[in-house]
Amino acid sequence: MDSLVKVHGGGGYDSDFSDDDGEREDPDRALKRKHEEEILQKPFQKGRHSQKAHRSLHSNEVDREEARNRRAHLISLNAFERHKKFVGDYILYYGGHLADFKRSAAKDKTDLDVLRENHRFLWRDEDEEDMTWEKDLAKRYYDKLFKEYCIADLSRYKENKFGFRWRTEEEVVSGNGQFECGNKRCETQEGLKSWEVNFAYVEHGEKKNALVKLRLCPECSFKLNYHHKRKEVKAKTKRPLEENQEPPQKTKKEKKRKRSSSHSKKHRRKRARNSSACSDNSEESKDSDKDSKAGDEPESQSEGDHWRGPAPAVEEKSREEEFDEYFQDMFL
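Being a predicted model, the structure only gives us computed values, none of them experimental.

Caption draft 1: Structural detail: the overall build of the protein. If you tally the helices and strands in the protein, you get 11 helices and five strands. Burial statistics for the protein: of 332 residues in total, 17% are counted as buried. Put simply, of all contacts in the protein between residues at least 6 apart along the chain, 51% involve residues at least 24 apart.

Shown next as structure tokens:
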């Protein structure tokens, strides 16, 4: 036992590689070395033999690093992907189905749906009293339509059912419905006729009537008049009288008026003859002028009439009236 103590240096722990060879360090020297280490140690440098950190400190550091990573990941996502992530996390932690989070599209409406619900074939003053944004949208669309001719749907003509609508700007520019057949499935441009139709329809639970005009080709006109014939609109043109053609016969009233006028002319001539003996030549000329006025009026004034007074005022036609006369035959 004593031999073992000698080998191991008095029962303590020793190493064969130690420099002191089993000799202990001088306490003064150790104190001096420790003092030097304290002087050389920097303020931010930890001790050589520091204590072990607490478990809470480690968990806080880990949570803080995880929060930084999550924040960076959420910032890199857009709004929709972020929403999907939150919904997935909610279902993962609280349970449920993804179908419960889908939005119902049953009540969704587009502008076309709003127009179909609030559209009117003809707007009246009564319809514009309680205006909502839906009615206002339909009214603005109605104001953009052209209401001279209609576009017709004649697919159910055998059932005596027709559909009519007003023309859009593109159809007016292309001539559809006026210079082309007004049937939406026909593009014929020859032999068009104008028809006037009393359109009876039901709108918002109310029966209404409207008088519309159509331009159709002979084949589509047959479909329109399949059950009963509609009124055809024709252009009103003034035909000049031919040379050999006799003027129309006058009625009895016109003949009576002519006889009474000739009888009064005779009395006036007799008075003029009696007064001519005592009147001057100038008065005779005036009486002759009166007799000529009482007779049939000439179509154009004589040269002497130009010196009696100012020329009669001729009414000049405005530009709108000239356009109306020009387009009279075009718009039947």
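Caption draft 2: Here's a closer look at the packing of aromatic side chains. Inspection of every chain in the model, using the stated rule, returns 10 aromatic pairs. Here the aromatic rings of Phe164 and Phe199 are separated by 4.8 Å at their centres, their planes lie at 75°, and the arrangement is edge-to-face. On the criterion of sequence distance, the pair formed by Phe164 in strand β2 (residues 163–167) and Phe199 in strand β3 (residues 193–203) is long-range, its members being 35 residues apart. Each member of the pair, Phe164 together with Phe199, is buried. Put simply, the rings of Phe121, Phe162, Phe164, Trp166, Phe199 and Tyr201 pair up and form one aromatic cluster. We note Arg120 situated over the ring of Trp123; from NZ or CZ to the ring centre the distance is 5.0 Å. Positioned above the aromatic ring of Tyr142, the side-chain terminus of Lys147 is 4.4 Å from the ring centre.

Caption draft 3: Here's a closer look at the pattern of salt bridges. Counted under the stated rule, the structure contains 20 salt bridges. A salt bridge links Asp127 to Arg120; the nearest nitrogen and oxygen atoms lie 3.6 Å apart. Like Asp127, the residue Arg120 is buried in the burial classification. Of the charged contacts in the structure, one is a salt bridge between Asp136 and Arg140, with a shortest N-O distance of 4.0 Å. With Asp136 and Arg140 both in helix α6 (residues 133–143) and four residues apart, this pair spans about one turn of that helix. A residue is classified by how much of its surface remains accessible, and Asp136, at 35% relative accessible area, is partly exposed. The network of salt bridges with shared partners includes Arg120, Arg124, Asp127 and Glu206.

Caption draft 4: The nonpolar core, seen in detail. Counting 27 residues, the largest nonpolar core has Phe121, Phe164, Leu214 and Leu216 as the members making the most contacts within it. Elements with a minimum of two residues in this core: α6, β1 (146–153), β2, β3, β4 (206–216) and α8 (218–224). In this structure, Leu216 is in contact with Leu154, Cys181, Gly182, Asn183, Gly191, Leu192, Lys193, Trp195, Ser221 and Leu224, ignoring residues within four places of it in sequence.

Reading guide: rules and limits
- Once a new chain begins, its residue numbering starts again from 1 and follows that chain's sequence as written.
- Confidence filtering applies because this is a predicted model: local features only for residues at pLDDT of at least 70, side-chain atom pairs given and counted only at 80 or more, and all residues used for totals across whole chains, interfaces and linings.
- To obtain the side-chain values, all non-hydrogen atoms of the structure were used and water was disregarded.
- Strands are runs of DSSP state E lasting at least two residues, helices are runs of H or I lasting at least four, and both sets are numbered from the N terminus onward.
- Classification of residues uses two cut-offs on accessible area relative to the type maximum, computed with a 1.4 Å probe and protein chains only: under 20% is buried, over 50% is exposed, and between them is partly exposed.
- Contact between two residues is taken to exist if any of their heavy atoms lie within 4.5 Å; hydrogens are not considered.
- Planes of paired rings set the category: under 30 degrees apart is stacked, over 60 is edge-to-face and the rest tilted, where pairs are Phe, Tyr or Trp rings (Trp by its six-membered ring) whose centres lie within 6.5 Å.
- Criterion for a charge above a ring: Lys NZ or Arg CZ within 6 Å of the ring centre, and within 35 degrees of the ring normal.
- Every case where a carboxyl oxygen of Asp or Glu lies within 4 Å of a side-chain nitrogen of Lys or Arg is listed as a salt bridge.
- Here, nonpolar core means buried Ala, Val, Leu, Ile, Met, Phe, Trp, Tyr and Cys residues that are tied together by side-chain atoms lying within 4.5 Å of each other.

Purely spatial values, then, with no claim about function.
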